[in-house]
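Architecture and fold: a report
Next come the chains, spelled out residue by residue.
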Amino acid sequence: MTLSRCWLLLLLLLGAAPVWANTPATAAVELHHYDTKSIARLNSGDSDGSADIDTNLLLFKALADAPPVREMPLARTDWMMAQGLPVCSLNRVKNKTRDAKFLFSLPVNFYLGYQLYQHANTDPLPASLLNGKNQIRSLKQLMQHYPHNQIVIPKAYSFGDALDQAVAEIPARQITAISTSHYYQHFVAMFEAGRADFILLYPTEIQAHLQMTPALQVRHYPLAQAQQYTTGHLMCADTLQTREFVRRVDTALRKLYRDPLFVEANSRTLAAAEAAQIRRAIRAQAAAK
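Below, the structure is looked at part by part. Just so we're clear, the structure is a prediction, and the values are computed from it rather than from any experiment. (Residues numbered from 1 in each chain as written. Predicted model: local features only at pLDDT ≥ 70, side-chain atom pairs only at ≥ 80, totals over all residues. Heavy atoms only, no water.)

**A few points about the overall build of the chain**
When its secondary structure is counted, the chain shows 13 helices and eleven strands. Put simply, the chain has 289 residues, and 48% of those count as buried. Entry remark: accessible area of the chain is about 14700 Å², with carbon and sulfur atoms responsible for 55%. (Helix = DSSP H or I, 4+ residues; strand = E, 2+ residues; numbered from the N terminus. Buried < 20%, exposed > 50% of the residue type's maximum accessible area, 1.4 Å probe, protein only. Areas by Shrake-Rupley, 256 points an atom, 1.4 Å probe, with all protein chains shown as cover.)

As structure tokens, this is what we get:
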């Protein structure tokens, strides 16, 4: 092969290289989320008063050059990250399996631990299913007590290690699994329509929903198998681009933890005692090295 042909081949190969290979590290990162309405608000900067939206908007503002959020089903996002593509996903819960494979930012969202909700027009749970703190002892025991009832669970979702294990012990026939890129709307709507008897939600999520649909009356129980509070993070593939992006995100978050607007965004829909728990969790994170 002549020298001129070698140069031509080299130029063609460079031209065929992925675009992200020739771009700055932070510009190459893709941000993914699964919920259509949330993505529209995040990309337009339109606050809705919820912790999920407003905490991320504050983070994007602090970064100044965050990429737009792309709509993508969770399973597709996780597959892309497993392939080593420079992808990050919003509001993801850290567990041991994920932590072994992916990068995580510092917490972006602070939630009170998951609680179980049931329709208020049904009978309360019997005392035999509760411990001294009025917590449900075991999800498995709960569903055994109600063998004909259904609990709605989203696929490709984690509640954290302990609660993931508790959910795994529920008989499959009693789980209504939601698998769709718009699953959050379907997830809550199925419960609201009476097609599921129980649902697991963060208190901040259900409070935001109840403000929009006051006709929905619920009863709630904390879970002995759930953590006192849970955090949501950016979860990313481990690449040069995402490492640099997560470094910048963490720098921004360390400042946001001391910003009253960020603290308020994480706690505004909660009752006073619950909001105080979240404020303490954020202060603890701010003090951590």
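After presenting the structure, the write-up continues.
**Remarks on the state of the cysteines**
Summed over the entire model, instances satisfying the criterion amount to one disulfide. The disulfide that involves Cys88 links it to Cys236, with 2.0 Å between the sulfurs. The S-S bond linking Cys88 to Cys236 shows a torsion near 110°; that makes this disulfide right-handed. A residue pair is termed long-range when its members are at least 10 positions apart, and Cys88 in strand β3 (residues 87-93) and Cys236 in strand β11 (residues 229-236) qualify at 148 residues. For the pair Cys88 and Cys236, a shared accessibility class is recorded, and that class is buried. (Disulfide = S-S within 2.5 Å.)

**Quick word on the packing of helix α3 (residues 36-44) against helix α4 (residues 51-63)**
Between α3 and α4, the shortest axis-to-axis distance is 10 Å and the interhelical angle comes to 30°. For the pair α3 and α4, the crossing hand works out as right-handed. Touching Ser38, Arg41 and Leu42 of α3 are Ile53, Asn56, Leu57 and Phe60, all from α4. (Axes fitted to C-alpha atoms, helices over the stretch in contact; angles between N-to-C directions. Left-handed = near helix turned anticlockwise from the far one by under 90°. Contact = heavy atoms within 4.5 Å.)

**Quick word on the sheet that holds strand β6 (residues 115-119)**
Reading across from one edge, β8-β7-β9-β6-β10 is the order of the five strands in this open sheet, with mixed pairing throughout. Unpaired on one side and paired on the other, β8 (175-178) and β10 (218-222) mark the two borders of the sheet. Averaged over all adjacent pairs, the angle separating strand axes in this sheet is 30°, with direction ignored. Sheet analysis places β6 next to β10, joined by five bridges and oriented antiparallel. Bridge pairing links His119 to Val218 in β10. (Pairing = 2+ DSSP bridges.)

**Re the packing of α4 against helix α12 (residues 260-267)**
Between α4 and α12, whose axes approach to 8 Å, the crossing angle comes to 160°. Viewed along their axes, α4 and α12 adopt a mutual orientation that is roughly antiparallel. Once α4 is placed against α12, the crossing between them reads as left-handed. For the pair formed by α4 and α12, the contact residues are Ala51, Asp54, Thr55 and Leu58 on the first element and Leu261, Phe262, Ala265 and Asn266 on the second. Looking at the contact of α4 with α12, its residues break down into five nonpolar, two polar and one charged. (Parallel < 35°, antiparallel > 145°, perpendicular 65-115°, else oblique. Nonpolar A, V, L, I, M, F, W, Y, C, P; charged D, E, K, R; others polar.)

**Comments concerning the packing of aromatic side chains**
What the rule picks out here adds up to four aromatic pairs. Ring geometry for Tyr114 and Phe159: centres 4.8 Å apart, planes at 80°, overall edge-to-face. With Tyr114 in the loop between β5 (109-112) and β6 and Phe159 in the loop between β7 (151-154) and α8 (161-168), this residue pair connects regions lying 45 residues apart in the sequence. Exposure class is identical for Tyr114 and Phe159. Each is buried. (Phe/Tyr/Trp six-rings, centres within 6.5 Å; stacked < 30°, edge-to-face > 60°.)

**Observations concerning the pattern of salt bridges**
For the structure on display, the rule yields nine salt bridges. A salt bridge links Arg70 to Glu30, with the shortest nitrogen-to-oxygen separation between them at 2.9 Å. Taken together, the positions of Arg70 in strand β2 (residues 69-71) and Glu30 in strand β1 (residues 30-33) put the pair 40 residues apart, joining distant regions of the chain. For Arg268, the salt bridge is made with Asp54, and the minimal N-O distance between the two is 2.8 Å. With Arg268 in the loop between α12 and α13 (272-287) and Asp54 in helix α4, this residue pair connects regions lying 214 residues apart in the sequence. Within this structure, Arg41, Asp46 and Asp48 form a network of salt bridges that share partners. (Salt bridge = Lys/Arg side-chain N within 4 Å of Asp/Glu carboxyl O.)

**Describing the environment of Lys61**
Relative to the elements of secondary structure, Lys61 occurs in helix α4. The class for Lys61 is exposed, based on a relative accessible area of 70%. When the C-alpha atoms of Lys61 and Ala252 are compared, they prove to be 9.5 Å apart, with 191 residues separating the residues in sequence.

**Concerning the nonpolar core**
In this structure, Leu31, Leu59, Leu234, Phe245, Leu253 and Tyr257 are the most contacted members of the largest nonpolar core, which totals 36 residues. Sorting the residues of this core by element identifies α3, α4, β3, β5, β11, α11 (240-256), α12 and α13 as the ones contributing at least two each. Judged by nonpolar contacts, the second largest core, of 25 residues, contains Leu116, Leu125, Leu163 and Val167. (Core = buried A, V, L, I, M, F, W, Y, C linked by side-chain atoms within 4.5 Å.)

**Some thoughts on α13**
If you check α13, its first and last C-alpha atoms are 23 Å apart, about what 16 residues at 1.5 Å a residue would give, namely 22 Å. Of the residues making up α13, those classed as buried are Ala275, Ala276, Ile278, Ala281, Ile282 and Ala286. In this fold, the buried residues of α13 make contact with β5, β11 and α12. (Expected span 1.5 Å × (residues − 1).)

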